[in-house]
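# Tertiary structure, described
Each chain, letter by letter, is given below.
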Amino acid sequence: MKEKRWRVLIVDDELRIGMLIKKLIKWNELDMECIDVVDNGETALHVIKEEIPDIVITDIRMPKINGLDLICMTRDISEKVKFIVVSGYKEFEYAHRALQYGVDDYLLKPINENELNTVLKKIYDELDMLENKSIEKREMQKKVSESKQIIKRDFLKNIIEQDEDLELENAGIPLTGDIYRGIDIKLDYVDYNKSDKKQDRLTVERVIAIVEKILKGVTEEVLICEKENLHLYCLFNYNYSQRKLVKNSINDILSEIKEYLIGFELYEVTIGVGREKTEFGEIRFSMKESWRAVENRIKAGTGRLIYTGLKTGDNGEQGKDCVEKYRENFWSSIESYSRENLEQCINQIYSNFMLCDDMDFSMCYRVADELIEMFFERIDMHQEELQQVRRRLQGNCQHCYSIPQLKNLLKIELGNYLDMSREAIEAESAKPVRQARQYINQHYGEKIVLEDIADIVGLNPVYFSVLFKKETGINFSAYLVNVRLEKAKEMLCSTNETIAAVGESVGYRDSRYFSQIFTKTVGVKPVLYRKLHS
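This section reports on the structure supplied with the text. For clarity, every value in this text was computed on a predicted model and none was experimentally measured. (Residues numbered from 1 in each chain as written. Predicted model: local features only at pLDDT ≥ 70, side-chain atom pairs only at ≥ 80, totals over all residues. Heavy atoms only, no water.)

### Some remarks on the overall build of the protein chain
Where we set the bar: Think of it this way: any DSSP run of H or I at least four residues long counts as a helix, any run of E at least two long counts as a strand, and we number them from the N terminus. Partly exposed describes any residue whose relative accessible area lies between the buried limit of under 20% and the exposed limit of over 50%, with all areas from a 1.4 Å probe on protein chains only and scaled to the type maximum. Contacts are assigned to residue pairs with any non-hydrogen atoms lying within 4.5 Å of each other. Only the protein chains shown count as cover for residues, and the accessible areas themselves come from Shrake-Rupley with a 1.4 Å probe.
Across its full length, the protein chain carries 22 helices and ten strands. Looking at the protein chain residue by residue over its 534 residues, the buried ones come to 44%. When contacts within the protein chain are restricted to residue pairs at least 6 apart in sequence, those whose partners lie at least 24 apart make up 70%. With the model as given, the accessible surface of the protein chain reaches about 28,900 Å², and the carbon-plus-sulfur share is 47%.

Shown next, in the form of C-alpha cells:
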C-alpha cells in the first residue's frame, strides 16, 4: 500500500563514519533511500527543513548544533521524523537523555551492521503500520464524504421529483440558514448530433466544482444533483446578511462557466433562478421555479440568468388548447402518411408561441412532449424500440434553445419516422404480391388460378386481385399471360421443340388456344416468330 521508499538522513561529525553507516545499511531490503550524509547539525537542520526525511541517524556530539538540540529543533518542524542516536561509550549518558526526547533507538560505536539493520527494520515496520493506517483513514474519509454527497444528491432529487411536503427531521441535511433558493444550470449542445458523453462528464464535474467554490464562503449548505439532459440543480441555504453576496455569486457562477466553455464551443449555458423561500416546505417550489425559468431560454435566449417572474396563469392552458385545436389534423396527417400536412400542423402550433412575448414559454417543451406522445401512439413500432426512440427524441428537444430550432427538430424527426412507417407499410402490402409473382415465375407451366394464389399468400381473392393490380399496374390474368408468353418466346428462339410442346411447357395444353393467344398478344404466330428470331 506504501506509495514511496522511506528516506534517511545520516549525520555524523566525522564524514568518514557517516559514509560507513551508509555502506552498512541494506537499502533495497529495507525499501529505503539515503537523501544525504552531512557532518554537522546546522547543515542537517537545513536538509530536514527542505526534505523532511522519515528517519534521521545522528551522532550526539557535533559542532554548531549537537544531536540533542537537532532533535528538539526537528520536533518543531515535524513530529513524524524518527531518530536513531549513535554515540560512543563516553556519551552513553547523552544517549540515555536522548530517549527522553522521543528518540526511537540508539546505537553504540563502533556500529554493528546487524544491529543497525535490525533497528532500521523495526522502524520500517512502525512507519509502514502508520502509513497503512493513514491510507485506511483517508479511504474511510473519502467513503464518508462520498456517502454524504450521495445523501445530499438523493435528498435534492426527492425535492425535485415529489410533490408532497418534506419533513426537516427526516431529511438528514443540516439546512440552518434563514433562506432557501434553487437554481437550474442548463447546458445545451450547440449541435445535439455531436454529443460527447466523456466531455459531458468532464464538463459537469467542472461546473459542479465552480458552483461549490463560489458558494462555499457565502452559504451555509450547498446541495447539487445532476439530472438527465445536462440539468444541474443546486439548492443552497444562507442567512439574510448574505443575500446580496449570494446574488452576486450567482452572477459569478454564470460568468466563470461561460469563460470555461469558451474553449470547447460545444455547449450553451443558461441559469434559471427560483425565488427565495423562508419555509423549508417551500424548497421544492423554488427548485421548480428555477426549472421553469431556465426553460424560458427558448424565447429569452441562452448565456444569461433568467429569474422567475414570468406570467404562467392561463398560458399553460393556452398551450394545451393549441395542441387540442390541431389534434385531429395531426392524427389525420399520420393516418394518411402525409409529411406535408404533419409539418403544417407543427408550424401552426408553434406559430402561436412565436407571435407572443408575455407568457411562460416552458410550455413549448410540454407541447413537444405531447406531440411526440401523440405521434407514436399512431405509429406501429416495437415497444422497446419505441421507448428508445421517444426518449432520444425528447432528450434532443431538451437541447433546443430556440423555438425555430425545436420546431424544425420535430418536423424533421417526426417526418422521417412517418416516411419510414409509410415505407414499412408499403413493403408489407407488397409482400403478398411479391410472393405471388415468385410463385408464378416458378410454376408458370402448371395450372394457376387467382383463388389458389390468394390462398397461398393468405388473402381474400377479391382483395388480392385489387392489391395485385395496384402493385403491378395490370390484373392478375394479364400478368400470368405475359410471364408464360415470355417463357414461350425464349423456347421458340433457343429450342427445336414443336409449337405444341412449347405451349404445353408454359401451361397451355391446347396448342390451338396457345397459338391464338400468342398471336393476339405478340402480333405474329408462333411459327413466324421463330423464323424471325432464329
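There's plenty left to go through after this.
### Quick look at the sheet that holds strand 10 (residues 305-307)
As a reminder of what qualifies: One bridge is not enough; two strands pair if DSSP finds at least two bridges between them. In this description, a line fitted to the C-alpha atoms serves as the axis of each element, helices being fitted only across the stretch in contact, and the angle between N-to-C directions of two axes falls anywhere from 0 to 180 degrees.
Read from one edge to the other, the open sheet built from five strands follows the order 7-8-6-9-10, with strand pairing classed as mixed. Across the chains shown, the open sheet's two edge strands, defined by having one partner strand only, are strand 7 (221-227) and strand 10. Going from strand to strand, the sheet's axes swing by 20 degrees on average, the running direction of each strand aside. Here seven bridges tie strand 7 to strand 8 (residues 231-238), and the two strands are oriented antiparallel to one another. Looking at strand 8, one finds that K227 is bridged to H231. The sheet strands contacting helix 8 (residues 197-215) are strand 6 (179-189), strand 7, strand 8 and strand 9 (267-273), and the helix crosses strand 7 at an angle near 165 degrees. Relative to strand 6, helix 10 (residues 283-295) is tilted by about 30 degrees, and along the sheet it contacts strand 6, strand 8, strand 9 and strand 10.

### Re the pattern of salt bridges
Threshold: Think of a salt bridge as a Lys or Arg side-chain nitrogen and an Asp or Glu carboxyl oxygen that are within 4 Å of each other.
Within the structure shown, the criterion is met by 32 salt bridges. A salt bridge links E42 to K64, with the nearest nitrogen and oxygen atoms 3.5 Å apart. Of the two residues, E42 sits in helix 3 (residues 41-51) while K64 sits in the loop between strand 3 (55-59) and helix 4 (67-77), which places them 22 residues apart along the sequence. With a relative accessible area of 44%, E42 lands in the partly exposed category. Across the salt bridge formed by E324 and R327, the nearest N and O atoms sit 3.0 Å from each other. Here R327 and E324 lie together in helix 12 (residues 315-335), a separation of three residues that amounts to about one turn. Here E324 falls in the partly exposed class, since its relative accessible area comes to 47%. On the accessibility criterion, R327 (15% relative accessible area) is buried. By sharing partners, the salt bridges in this structure join R339, E343, D419 and R422 into a single network.

### So, the layout of surface pockets
The condition that has to hold: A 1.4 Å probe that fits but cannot get out identifies a cavity on a 1 Å grid over protein atoms alone, an open set with protein on both sides within 12 Å along at least five of seven lines counts as a pocket, and a residue lines either if it has an atom within 4 Å of a point. Grid points are joined across faces, edges and corners, and a volume is the space filled by probe spheres set on the points. The residue classification treats Ala, Val, Leu, Ile, Met, Phe, Trp, Tyr, Cys and Pro as nonpolar and Asp, Glu, Lys and Arg as charged. All others, Gly included, are polar.
A volume near 800 Å³ is recorded for the largest pocket. Taken together, 28 residues make up the lining of the largest pocket; nearest its centre are E228, N229, R391, G395 and Q398. When residues of the lining of the largest pocket are assigned to their parent elements, the largest contribution, nine residues, is made by helix 15 (residues 383-398). Of the residues in the lining of the largest pocket, the class split is six nonpolar, ten polar and twelve charged. In this model, the second largest pocket occupies a volume close to 350 Å³.

### Focus on the pairing of strand 5 (residues 105-108)
Side chains of strand 5 alternate between two faces, with D105 and L107 buried and Y106 and L108 left unburied. Summarising the sheet, strand 4 (residues 82-87) and strand 5 pair through four bridges and their orientation is parallel. What sits directly across from V85, in strand 5, is Y106.

### Some remarks on the packing of aromatic side chains
Aromatic ring pairs are described here by two measures, namely the spacing of the ring centres and the angle between the planes. We apply this condition: To pair, rings of Phe, Tyr and Trp, with the six-membered ring standing in for Trp, must have centres within 6.5 Å; the planes then decide the type, stacked if under 30 degrees apart, edge-to-face if over 60, and tilted in the middle.
Taken as a whole, this structure holds 14 aromatic pairs when the rule is applied. When the ring of Y508 is compared with that of F514, the centres are 5.8 Å apart and the planes differ by 35 degrees; the resulting orientation is tilted. Residue F514 is classed as buried on the basis of its relative accessible area of 0%. Judged by centre distance (5.8 Å) and plane angle (55 degrees), the ring pair of F514 and F518 falls under tilted. Within this pair, F514 and its partner F518 are both found in helix 21 (residues 511-522), separated by four residues, close to a single helical turn.

### Section: the packing of helix 13 (residues 339-354) against helix 16 (residues 403-443)
The following threshold applies: Roughly parallel covers angles under 35 degrees, roughly antiparallel covers those over 145, roughly perpendicular covers 65 to 115, and oblique covers all other angles. Note: crossing handedness is left-handed where the near helix turns anticlockwise from the far helix by less than a right angle, and right-handed where it turns clockwise.
Contact geometry for helix 13 and helix 16: axes closest at 10 Å, N-to-C directions at 160 degrees. Between helix 13 and helix 16, the crossing angle belongs to the class labelled roughly antiparallel. Like other packed secondary-structure pairs, helix 13 and helix 16 cross with a definite hand, here right-handed. Along its contact with helix 13, which presents R339, L342, E343, I346, N347, Y350, F353 and M354, the element helix 16 presents I403, P404, L406, K407, L410, K411, I412, L414, G415, N416, L418 and D419. Partitioning the contact of helix 13 with helix 16 into residue classes produces twelve nonpolar, three polar and five charged.

### Some details on the sheet that holds strand 4
As summarised here, the arrangement of the five strands in space is 2-1-3-4-5, forming an open sheet in which the pairing is parallel. One side of each edge strand has no neighbouring strand; the edge strands of this open sheet are strand 2 (32-38) and strand 5. Between one strand axis and the next, the sheet turns by 20 degrees as a mean value, whatever way the strands run. Note: strand 3 against strand 4, five bridges, orientation parallel. For T58, the partnering residue across the bridge sits in strand 4 and is V85. Helix 1 (residues 15-24) rests against strand 1 (6-11), strand 2 and strand 3 of the sheet, and its axis sits at about 175 degrees to strand 2.

### So, unusual backbone geometry
Residue P110 is bonded to the preceding K109 through a cis peptide linkage, with omega at -5 degrees. Within the fold, P110 resides in the loop between strand 5 and helix 6 (113-161). Of note in this structure, D31 is not a glycine but carries a positive phi near 55 degrees. In this fold, D31 is placed in the loop between helix 2 (27-30) and strand 2.

### Some points on the packing of helix 16 against helix 19 (residues 476-494)
The axes of two packed helices give the description: the angle between them and the distance between them. In contact at an axis separation of 10 Å, helix 16 and helix 19 are set at 35 degrees when each is read in the N-to-C sense. Seen along the crossing, helix 16 lies across helix 19 with a hand that is right-handed. Along its contact with helix 16, which presents R437, I440 and N441, the element helix 19 presents F476, Y479, L480 and V483. Among the residues making up the contact of helix 16 with helix 19, the classes are represented as five nonpolar, one polar and one charged.

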